[in-house]
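# A look at the structure
Spelled out, the chains give:
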Protein chains: 2
Amino acid sequence: MSSITVTVQETQTQASGAIVLATGAAARLAARKNEYTKSTSGLAPGYLQANLMILPSKYASDFRDFCARNPVPCPLIAESCASGDYATLKSYLPSVSGAQMARELDLRTDCPKFNVYENSQLTLAGTPDIVEQWTADHVAFLVGCSYSFESALARAGFPPRHALLDRNVCMYRTSIPLNPAGVFTGGTYVVSMRPYKKADIEQIRTITRRYLPTHGECIAWGWDALERLGIRDIDMPQWGDAPLTMDGRPLGDVFGNDDDVPIFWGCGVTPQEAVMNASLDGVVMAHAPGHMLVLDCLEDHVIA
Amino acid sequence: MSSITVTVQETQTQASGAIVLATGAAARLAARKNEYTKSTSGLAPGYLQANLMILPSKYASDFRDFCARNPVPCPLIAESCASGDYATLKSYLPSVSGAQMARELDLRTDCPKFNVYENSQLTLAGTPDIVEQWTADHVAFLVGCSYSFESALARAGFPPRHALLDRNVCMYRTSIPLNPAGVFTGGTYVVSMRPYKKADIEQIRTITRRYLPTHGECIAWGWDALERLGIRDIDMPQWGDAPLTMDGRPLGDVFGNDDDVPIFWGCGVTPQEAVMNASLDGVVMAHAPGHMLVLDCLEDHVIA
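Here's what I pulled together on the structure shown here. Given the structure is predicted, the values throughout are model-derived calculations rather than measurements.

Thresholds applied
Residues numbered from 1 in each chain as written. Chains lettered and ligands numbered in written order. Predicted model: local features only at pLDDT ≥ 70, side-chain atom pairs only at ≥ 80, totals over all residues. Heavy atoms only, no water. Helix = DSSP H or I, 4+ residues; strand = E, 2+ residues; numbered from the N terminus. Buried < 20%, exposed > 50% of the residue type's maximum accessible area, 1.4 Å probe, protein only. Contact = heavy atoms within 4.5 Å. Areas by Shrake-Rupley, 256 points an atom, 1.4 Å probe, with all protein chains shown as cover. Lys, Arg positive; Asp, Glu negative; His and termini not counted. Charge placed at Lys NZ, Arg CZ, Asp CG, Glu CD. Least-squares fit on C-alpha atoms with pLDDT ≥ 70 in both. Polar contact = N/O pair within 3.5 Å; in protein donor to acceptor, adjacent residues only side chain to side chain. Phe/Tyr/Trp six-rings, centres within 6.5 Å; stacked < 30°, edge-to-face > 60°. Lys NZ or Arg CZ within 6 Å of the ring centre and 35° of its normal.

What follows deals with the overall build of chain A. The secondary structure content of chain A amounts to eight helices and 14 strands. Referenced to the eigenvectors of the C-alpha coordinate spread, the extents of chain A come out at roughly 55 × 45 × 35 Å. The proportion of buried residues among the 304 residues of chain A is 60%. If you take every contact in chain A between residues at least 6 apart in sequence, the share linking residues at least 24 apart comes to 73%. Here chain A displays about 11300 Å² of accessible surface, and carbon together with sulfur accounts for 50% of that area. A gap of 3 Å separates the mean positions of the 24 positive and 33 negative side-chain charges of chain A.

And the structure:
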C-alpha cells in the first residue's frame, strides 16, 4: 500500500459535519481498514464512484447484455480482468484505462459495506468485507453512480439536500420494467431522488444529462411522477434515508408544493433488484446501497 | 444508378405470394421508382433493414442521447454524414462502414412509403417520397429494425406468422415509459408482436438476443404481458395488420391459449411516437411503419 500516500488521516470536515477525504484511493483505504463505514456521497469530492456487482462467471454474459439493454439504471463502466481477479479492471469508459480507474484495488474490501446474496436471497446486509465469500469463479462489474454528478450540481448552486443534511440519498423501487436479458427477467428500475424547486428542473436536467455513464439526465420529475413510477410513499424509501424538507420535516408534508419537487434518476441499486428477481444459483455480492467503490479517476472523465 | 445491377425485374415469389428481391440495393431502387410500395418484411432476405428518422439539425444532439438512453426500442445504427446529406451515411455498427451500408442512396425516395410530421403532428401518411419536404437543415438517423432477425427465426424453424400470411407485422403503443432526453420527454415504447407457442419462448429469446442493434431479445411475452404493457386489445394494433391465427381468425379468439402466445419486441416506430410527444418545431420525416429502408449490408453483420 506504500504508493497510496493520502490516507484517512488527511481529512477535512464539511459544514454538515461529514468527513471529506482527499482522493478516491484514500476513500478505498479507509473502507478497507473499516475506518470509514458510512455512505460515500461527498466523501472524496470530484472522484468517480461506482456500484459493484459480483456474479458467478456463468452469469457474466447475461449481465453484460442486461447492462447494454438498460444503460440508464445500469451503465456498465468496468469489469474485472478475469474470473477471480479482484485487483485489476478492464474499463469501458473511452477516456480512462482500467489502471487509471483504481490502483492497488481490492474489490473484496474497498467498499465501506457490502451485501451478500445466496440463491437470489439477501443473506448478509452491510458486511464490512467479502473476503470469505469471494471465489476464483467470481466476476466483478462496476456500474456508474449518480453521486458522480453531485459535485457538478453543487458547483452550479444546486447542492443535493441529502448532502447538506449529512444523510444518505433516498432510493425507491419502481414499477417501471427493465428490458430483460437472459436470466435477468422481471426486474424493475430502482431510482434515486433529490428534491429541488420546480422552476429549477430544466437546469438540473441540463447539468446531469452530460454524465451519460452515471445515469445522466433525470428520468422523471414532479409530484405526479410518483404515480407513474409506482412509488406509494415518498417518506418510505426502500434504501437510504427518508427525504426531509430543509427544516427537517418529512418531505411528504409538502406533497404537491412546487417549492419542493422530487426529481428521480436511474440508480445503480437496480442490478441488485434484478438479481433478487432472477433466481440465480450461488453467491452474488454487491456494495451496500449508498456505500460505493470510490475510484482514482475523476467524475469529469465520464462527461459526454 | 448504373452500378445497381440487380433490379426489381429479378424477383422471386414467396409461397405466400409476396415479392422477393435479390438485394437491398434492388429493394431501394424498387422503392425509389415506386414499383414496390408495400411492407418490406421478407423483401430482400438476409439484408439489414432500418427505421428512418429525419429531424431538423437543432434536435440531432437530443435524438442521439435519446437513442443512447433507449437502445432496445431505438438502436441507432447510422446517421447522415452532414445536415442536408441524403446520400451518404456514418455507421455506428463496428463491423460495417457507412459506404458498405448503402451505395447510391437517396434517403428522400428509398423507402416504399414515408410519413411527414409538422410541429409534431402527422400531416402526411404513406407518401411515396419526401423530395419536396427535404431541406439542407435535415439530419437523418437509421434505427435498427426487428425484420432483421426474421430470417434467423425462419432458419431455425420459426418463420414469423405475418410473413407466412403475407401481412405486415402488428405494432402497438404501450404504457412503458422511455428514458427522456432533452426535448424527447413523455414518450412510451412501441412494440412489435409475433405469436409463437409458449413452449418455444426460450428458443425464440435465444435466437433474437444476439441481434442487439436490431432490438435483440423480446421484452415481454405471454398473454399476461398485455396488461403489463398497457395493450388493451391484441386485435387492434396501432400500426401494421391485425394478428391472426393460422386459420385466419383474430388472434384475440384464442386469448389465454398457450398454443398461441404473443411475444413482444422493441420497435423502431418508437422514435415517431416520441416525436409526436415532443412538441418539436418544423418538419420531421420518417419511413411509414413497416416500410423500411433496406441496406446493402447483411443482418448477420449486427450479431453480437
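Picking up after the structure, the text goes on.
What relates the two chain copies is a rotation about an axis together with a slide along it. If you rotate chain A by 180 degrees and push it 0.0 Å along the axis, it lands on chain B with an RMSD of 0.0 Å. In symmetry terms, the pair is related by a two-fold rotation axis. If distances are taken from each C-alpha of chain A to the rotation axis, the shortest is found for Ile 176 of chain A, at 3.5 Å.

We now examine the side chain of Glu 273 of chain A. Residues and elements named next belong to chain A. Among the secondary structure elements, Glu 273 is positioned in helix 8 (residues 270-277). Residue class for Glu 273 comes out buried when judged on its relative accessible area of 7%. Among the polar contacts made by the side chain of Glu 273, one reaches the side chain of Arg 173 at a distance of 2.8 Å. Every residue in contact with Glu 273, bar those within four places of it in the chain, is listed here: Arg 173, Thr 188, Val 190 and Trp 239.

The subject of this paragraph is helix 2 (residues 60-69) of chain B. Within helix 2 of chain B, seven of the ten residues are buried, which leaves the element mostly enclosed by the surrounding structure. Taken together, the buried positions of helix 2 of chain B are Ala 60, Asp 62, Phe 63, Asp 65, Phe 66, Cys 67 and Arg 69 of chain B. As for helix 2 of chain B, its buried residues are in contact with helix 6 (201-209) of chain A together with strand 3 (47-56), strand 4 (76-80), strand 8 (138-144) and helix 8 (270-277) of chain B.

The subject of this paragraph is the packing of aromatic side chains. Residue and element names in this part refer to chain A. In the structure shown here, the tally under the stated rule is 20 aromatic pairs over all chains. Here Phe 66 and Phe 184 contribute two aromatic rings whose centre-to-centre distance is 5.3 Å and whose plane-to-plane angle is 35 degrees, an arrangement assigned as tilted. Of this pair, Phe 66 sits in helix 2 (residues 60-69) while Phe 184 sits in the loop between strand 9 (170-177) and strand 10 (188-196), placing them 118 residues apart in sequence. Ring centres of Phe 149 and Trp 265 lie 5.3 Å apart, and the angle between their planes is 40 degrees; this geometry places the pair in the tilted category. With Phe 149 in the loop between strand 8 (138-144) and helix 4 (150-155) and Trp 265 in strand 12 (residues 261-266), the pair connects residues that are 116 residues apart, well separated along the chain. Take Phe 149 and Trp 265: they sit in the same class, and that class is buried. In this structure an aromatic cluster arises from ring pairing among Phe 63, Phe 66, Phe 141 and Phe 184. Taking NZ or CZ as reference, Arg 108 lies 3.6 Å from the ring centre of Tyr 86, over its face. The side chain of Arg 194 reaches across the aromatic face of Trp 265, ending 5.1 Å from its centre.

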